[in-house]
Amino acid sequence: MHTINPVEAMRHLGEGDSETTLASLNGSNLKLTRFKGEFARNGNGEADELFYVVSGRLGLFFDDRAEVVEEGEFIVVAAGDDYRAVCNQETCVVMIQAD
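Read on for a plain summary of the structure. (Residues numbered from 1 in each chain as written. Predicted model: local features only at pLDDT ≥ 70, side-chain atom pairs only at ≥ 80, totals over all residues. Heavy atoms only, no water.)

1. Thoughts on a nonpolar patch on the surface
Taken together, Tyr52, Phe74 and Val76 make up a surface patch of nonpolar side chains, about 300 Å² in accessible area. When you line up the elements, Val76 lands in strand E7 (residues 74–77). (Patch = residues over 30% accessible without salt bridge, like charges linked within 9 Å, V, L, I, M, F, W, Y side chains within 5 Å. Areas by Shrake-Rupley, 256 points an atom, 1.4 Å probe, with all protein chains shown as cover. Salt bridge = Lys/Arg side-chain N within 4 Å of Asp/Glu carboxyl O. Helix = DSSP H or I, 4+ residues; strand = E, 2+ residues; numbered from the N terminus.)

2. Describing the packing of aromatic side chains
A complete count under the given rule lists three aromatic pairs for this structure. A ring pair is formed by Phe35 and Phe39, whose centres lie 5.2 Å apart and whose planes are at 85 degrees; its orientation type is edge-to-face. In this structure Phe39 comes out as partly exposed when scored by relative accessible area, which is 29%. With centroids separated by 5.8 Å and ring planes inclined at 80 degrees, the aromatic side chains of Phe51 and Tyr83 adopt a geometry described as edge-to-face. Here Tyr83 lies in strand E8 (residues 82–98) and Phe51 lies in strand E4 (residues 49–55), a separation of 32 residues in the sequence. Classification of Phe51 by relative accessible area gives buried; the value is 5%. (Phe/Tyr/Trp six-rings, centres within 6.5 Å; stacked < 30°, edge-to-face > 60°. Buried < 20%, exposed > 50% of the residue type's maximum accessible area, 1.4 Å probe, protein only.)

As structure tokens, then:
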């Protein structure tokens, strides 16, 4: 067990779109992801997902609404909610996702 600083871990990611698993917790993975652009519609299956924006801005577009998650904020997406993610600038996100 050791402390993890997501900002420091972000500096060690490769160029472009990159992802690394920071830790595992009770059957879930804490992943650090850096990305930019528009992504295809995604469904999060049978488990909730948490997105914490370390840097940048994350847009999530659902069937009935849009949410913008700013640096230092997080959002929990309920199981079964389909969404499309958009990042107009490089964005670094810590995600908690079930295995």
